[in-house]
Structure formats: C-alpha cells, structure tokens
Amino acid sequence: MVFQEATSGGIVKLEVEYIVGTYASCQAIWLDFLLKEIKVEVKRPLYFMINNKFAINHAKNLVAHGRSKHIETRFHFLREQVKKRIIEVTHCPTQDQPANVLTKPVRVDRFLKTNGELGVLSCLD
Amino acid sequence: MTYWLTYFLGLEFLYTDKGILMHQRKYTIDMVKWFKMMDCNHIITHSELNSRKEETKDEEKMDHTHYKQLIGSVRYHCNSRLDLSFVVGVASRHMHEPRKSHLIAAKRILIYLKGAKDLGILFPKNTNEKMDELIGYCDSDWCDNKSERMSTTGYLFKLARALISWCSKKQPVVALSSLK
C-alpha cells in the first residue's frame, strides 16, 4: 500500500504524459522532414525527454494493462515510433525539465534557470 | 554584396560572436506604449504562482475588445518568447467574457514584458559538437483546469542546442487515469 501511495502521482499522470509524447512525436517527425528538405541531416533516433517513468515504460513495452486500457488507440503512435527506432524516450528529472514552463506557473528561480538553459539572453549584453 | 537580415515582421536579429539573437525589442516598446503602460514598475515573472481562479462569475465584466487587443498583441510576442506561451494560452481562454482578475493577469504580462523587452532567443554558433542532435522535451500538467478536467501539455525541440520549436496547449481529451 505504501508503494502504491508513493507512486500514485506518477501513474495518474501516465495518460497525459503519454498523450503529450504522441503530439510531440508528430511534431518531431514533421520537423525531421522539414530539416531534410533544407538539407540538414538529423541523427536518428531522436531523443525525447519525459519526466514520467510510467509513460516511458509504457512506450517501450508493448503491453496493455488495466491502468492503460482506456487510452485511445491513436495515442499509441508514440509507441509505434519507439518500436521503429525513430524515437527514443529517456527519463529526465522534473527539476531539469525545461518544458515545465510551458505547462504551469513556475517559481522565479526555476523560471530564470530555464531561461538560461534555453539560451534566452538579453540583446544588450 | 551580402545583406544581413536584421528586421523582419517585428522580429529583430542581432549578430554577435556567440551566435544570432532573435528578439522583439521594438515591437515590445511599441506595444507597451500603445497600451499606455510605459510608466509601470517592472516585475520578474509574468504570472502569479497561485493565480488559478476557478470561480470568477461574480466579478465585474471587462471590455472584451480591449482584452482581445491586449491578448492579440501579446500573442504575436510568443514567436520569440517561449516562456510567454503558457500564460498567453491561459489568458486566451477567457477571451469571450473577460472578468476583472483576467484583465489584471493579462496586464501583468505586459508589465513583465516591459521589464524583459531585451530578452531574445540565441541560436548558438557552430561548435562542431552535437550538431545533428534533435532533442524533444515533453511535459504535462494533470487536470490543472478543475472545472473542465483538461490538462495542459507542452513540448519543445532543440536542434544543436538552439531552440527551434515549442508548443503549449490545452489537451482536447479529458484524462481519465486515476488510481481509483
């Protein structure tokens, strides 16, 4: 029971994280085509950083268990791409996840740190 | 003779020894002036941490044309600023019937922008390492919208350490996952 409680936050988020993975993989494949057109070769597989281990395991292992039965079939696109080795999903701890600023209001220190990581600079420097 | 791109549709490009910096300084100043907010004190962040208001029905109604103008102008700014996408997205959800607290939140974005007008995205110079690496980062917030039970998702892509694509969006599906 203790184990379940400790991981509940993660498993609750499985579905949403998995779905965002699918949306992002569509965008990644489009970007890949676009870059190919302007003669930029991108290394395969493309890396995806997700901060939910359940979603990662779900994308890597082709199993359907009780907790994921309700996820719509079209969202299993991510899994297909992982299987074809076009995309590779890896874990990234929440505190290093720059995509956090796109989903929730973040604290000032976090906000400034992410800005630094993403190359947001002042034009006066 | 080569011409360097410096200004295009409100986007300004600055060539430095670190790389190319894309910013919208002039656009920001014009926008803040247009909304007569030039005299505000600036703030570091664009949104309050616990600003998610669920019930705003009994608040005073605001002029929605003014609100739409404000959001529209700030939205164009999202082209060069990743950190704005989320707040602007949230603010756009009340476009049809803005209340007082929504307008205050939207004006806060403007005040923030006034202080952060010099910021832009850097496209670093070729350093011969990881030039062909495309990395995606995805994240989501589960059920941040209590009334609709929708989640917000966001992803961004970096090519050769430069930020090239990003998105922040309310998911069109209602997440069902829960332990019970």
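Residues numbered from 1 in each chain as written. Chains lettered and ligands numbered in written order. Predicted model: local features only at pLDDT ≥ 70, side-chain atom pairs only at ≥ 80, totals over all residues.

## So, the overall build of chain B
Argument step 1. Secondary structure assignment for chain B yields four helices and seven strands.
Argument step 2. Along chain B, helices (α) and strands (β) appear in the sequence β-β-β-α-α-α-α-β-β-β-β when read from the amino end.
Argument step 3. Counting all 180 residues of chain B, 36% fall into the buried class.
Argument step 4. Considering only contacts in chain B between residues 6 or more positions apart, those separated by 24 or more positions represent 62%. (Helix = DSSP H or I, 4+ residues; strand = E, 2+ residues; numbered from the N terminus. Buried ≥ 20, exposed ≤ 12 C-beta atoms within 10 Å, placed from the backbone. Contact = placed C-beta atoms within 7 Å.)

## Let's talk about helix α3 (residues 84-92) of chain B
Residues three or four positions apart in an α-helix share a direction because the helix packs 3.6 residues into each turn.
Argument step 1. Burial within α3 of chain B is extensive, with eight of its nine residues counted as buried.
Argument step 2. Residues of α3 of chain B that are buried: Leu84, Ser85, Phe86, Val87, Val88, Gly89, Val90 and Ala91 of chain B.

## Focus: the nonpolar core
Argument step 1. Grouped together as the largest cluster of nonpolar side chains are 63 residues, with contacts concentrated most on Ile109 and Tyr155 of chain B.
Argument step 2. Of all the elements, helix α1 (residues 2-37) of chain A adds the most residues to this core, at eight residues.
Argument step 3. For Ile109 of chain B, the residues in contact, after removing those within four places along its chain, are His46, Val74, Leu84, Val87, Val88 and Ala91 of chain B. (Core = buried A, V, L, I, M, F, W, Y, C linked by C-beta atoms within 7 Å.)

## Describing the environment of Thr90 of chain A
All names here are of chain A.
Argument step 1. Of note, Thr90 is situated in strand β2 (residues 87-91).
Argument step 2. On the neighbour-count criterion, Thr90 (10 C-beta atoms within 10 Å) is exposed.
Argument step 3. A C-alpha to C-alpha distance of 16 Å links Thr90 and Ile19, two positions 71 residues apart in sequence.
Argument step 4. Once you skip the residues sitting within four places of it in the chain, Thr90 turns out to touch Tyr47, Phe48 and Met49.

## Points about the interface of chain B and chain A
Argument step 1. Taken together, the contact between chain B and chain A spans 52 residues of the former and 48 residues of the latter.
Argument step 2. Looking at the side of chain B that touches chain A element by element, the count peaks at 10 residues for strand β5 (residues 134-145) of chain B.
Argument step 3. Alignment of strand β3 (residues 120-122) of chain A against strand β4 (residues 119-124) of chain B, held across three bridges, turns out to be antiparallel. Note that in β4 of chain B the partner of Ser122 of chain A across the bridge is Leu119 of chain B. (Pairing = 2+ DSSP bridges.)

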